[in-house]
Amino acid sequence: MPQSPPTDQTHFDAEIDTGLDVEADVTTAPQAGSAPGAEILLELVDDEGVTIGTAEKHWAHQQPGRLHRAFSVFLFDRQGRLLLQRRALGKYHSPGVWSNTCCGHPYPDEAPFVAAARRTTEELGIAPALLCEAGTVRYDLPDEASGLIEREWNHLFVGLATAPVEPNPDEVDDYAFVTAQELRELRAERPFSVWFETVFEAALPGIREIAGRDW
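The following refers to the structure shown. It should be emphasised that the depicted structure is a prediction, and the values quoted were computed from it without experimental measurement.

So, the overall build of the protein
Part 1: Each helix and strand in the protein was counted, giving four helices and 10 strands.
Part 2: If you list the helices and strands of the protein from N to C, you get β-β-β-α-β-β-β-β-α-β-β-β-α-α.
Part 3: Burial analysis of the protein (215 residues in total) assigns 52% to the buried set.
Part 4: For the protein, the share of sequence-separated contacts (at least 6 apart) that also reach a separation of at least 24 residues comes to 71%.
Part 5: Accessible area of the protein: about 10,200 Å², with a carbon and sulfur share of 49%.

This is the structure:
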């Protein structure tokens, strides 16, 4: 695996399927300084996960952030190893760090399940052989390195990967299949995405149904 310099851990509070008091905003116009290119819209949600509007992607991640819909995927091979990816160095958010198999945001009106399968194919070149819902988790996670914030209502999915991985270099710098012990060792040595611990812990019941009690 490539060597990466360590970064400070970010501390946060998270709750699973709860309604924290976070302000929702349905403004759609991005602020000045948003990344150039075509506008990408996210679904804004209220404290119950109900869609209330849309917002431009980069603007929604700028402080103080806007609560929006997201998804996280955890795929395992036939040996029960978790597929991790190291995010491409050109990513605007959390470049060059390790994270779960795939994560992202549904387009407005796109089902999270459909978005999860779509982005897994776009990033890693594989279609999940099995993909199951594993609940939701809500969090507010500031990223000290970028100054951005992840304020998300995240839909969790676990499943199986049986085809060869063909990563898109614009999205993925490296990938690895790891056991639970190897994951613990890697997390002790390398920086991970600010959201990884939260979504991993929330998805553990579903992960254990797919990959076994060792997780």
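Section: the nonpolar core
Part 1: Core analysis: the largest hydrophobic core is formed by 29 residues, its most contacted members being Phe 74, Leu 82, Leu 84, Leu 183, Phe 200, Ile 207 and Trp 215.
Part 2: Among the secondary structure elements, those contributing two or more residues to this core are strand 4 (68-76), strand 5 (82-87), strand 8 (130-142), strand 9 (149-160), strand 10 (172-178), helix 3 (180-189) and helix 4 (196-211).
Part 3: Sorting elements by how many residues they give to this core places helix 4 first, with eight residues.
Part 4: If near-sequence neighbours (up to four positions away) are discounted, Leu 183 is found in contact with Leu 82, Leu 84, Val 178, Phe 192, Phe 196, Phe 200 and Trp 215.
Part 5: Judged by nonpolar contacts, the second largest core, of 14 residues, contains Leu 75, Cys 102, Ala 115 and Val 165.

With respect to the pairing of strand 5
Part 1: With six of six residues buried, strand 5 lies mostly within the body of the structure.
Part 2: Burial of the side chains of strand 5 extends over both faces: Leu 82, Leu 84 and Arg 86 are buried on one face and Leu 83, Gln 85 and Arg 87 on the other.
Part 3: With six bridges connecting them, strand 5 and strand 10 associate as antiparallel partners. Bridging from a neighbouring strand, Leu 83 pairs with Phe 177 of strand 10.

Quick notes on the pairing of strand 4
Side chains on a regular strand alternate between the two faces of the sheet.
Part 1: Burial of strand 4 is extensive: nine of the nine residues sit out of reach of the surface.
Part 2: Of the two faces of strand 4, the one lined by His 68, Ala 70, Ser 72, Phe 74 and Phe 76 and the one lined by Arg 69, Phe 71, Val 73 and Leu 75 are each fully buried.
Part 3: Of the pairings in the sheet, the one linking strand 4 to strand 9 comprises nine bridges and is parallel in character. Among the inter-strand pairings, Val 73 is bridged to a residue of strand 9, identified as Phe 157.
Part 4: Judged from the three bridges that link them, strand 4 and strand 7 (residues 102-104) form a sheet pairing that is antiparallel. Bridge pairing in strand 7 links Ser 72 to Cys 103.

What about the packing of aromatic side chains?
Part 1: Using the criterion set out here, one finds eight aromatic pairs in the structure.
Part 2: Here a set of aromatic residues connected by ring pairs shows up, and it is made of Phe 74, Phe 76, Phe 192, Phe 196, Phe 200 and Trp 215.

Thoughts on unusual backbone geometry
Part 1: The omega torsion of the bond from Gln 63 to Pro 64 falls at 5 degrees, within 30 degrees of zero and hence cis.
Part 2: With a phi angle near 55 degrees, Ser 94 is a residue other than glycine that sits in the positive phi range.
Part 3: Of note in the backbone geometry, Asp 109 takes a positive phi value of approximately 70 degrees without being a glycine.
Part 4: Structurally, the position occupied by Asp 109 is in the loop between strand 7 and helix 2 (112-124).

Re the environment of Asp 174
Part 1: Turning to its location among the elements, Asp 174 is positioned in strand 10.
Part 2: The exposure class assigned to Asp 174 is partly exposed, which follows from its relative accessible area of 23%.
Part 3: As a C-alpha pair, Asp 174 and Trp 98 span 76 residues in sequence and 8.7 Å in three-dimensional space.

Some details on the side chain of Asp 143
Part 1: In this structure, Asp 143 sits in the loop between strand 8 and strand 9.
Part 2: One buried charged residue, Asp 143, remains without a salt bridge, the closest side chain of opposite sign being Arg 87 at 8.2 Å.
Part 3: Contacts of Asp 143, omitting those with residues within four sequence positions, involve His 93, Ser 94, Leu 148 and Val 194.

Some words on the environment of Glu 122
Part 1: Here Glu 122 lies in helix 2.
Part 2: On the basis of relative accessibility, which here comes to 33%, the residue Glu 122 falls in the partly exposed class.
Part 3: For the pair formed by Glu 122 and Asn 168, sequence separation is 46 residues and the distance between their alpha carbons is 7.1 Å.
Part 4: In terms of polar contacts, Glu 122 uses its side chain to reach the side chain of Arg 119, at 2.6 Å.

Rules and cut-offs
Residues numbered from 1 in each chain as written. Predicted model: local features only at pLDDT ≥ 70, side-chain atom pairs only at ≥ 80, totals over all residues. Heavy atoms only, no water. Helix = DSSP H or I, 4+ residues; strand = E, 2+ residues; numbered from the N terminus. Buried < 20%, exposed > 50% of the residue type's maximum accessible area, 1.4 Å probe, protein only. Contact = heavy atoms within 4.5 Å. Areas by Shrake-Rupley, 256 points an atom, 1.4 Å probe, with all protein chains shown as cover. Core = buried A, V, L, I, M, F, W, Y, C linked by side-chain atoms within 4.5 Å. Pairing = 2+ DSSP bridges. Phe/Tyr/Trp six-rings, centres within 6.5 Å; stacked < 30°, edge-to-face > 60°. Lys, Arg positive; Asp, Glu negative; His and termini not counted. Salt bridge = Lys/Arg side-chain N within 4 Å of Asp/Glu carboxyl O. Polar contact = N/O pair within 3.5 Å; in protein donor to acceptor, adjacent residues only side chain to side chain.

Shape is all these values report; function is a separate question.
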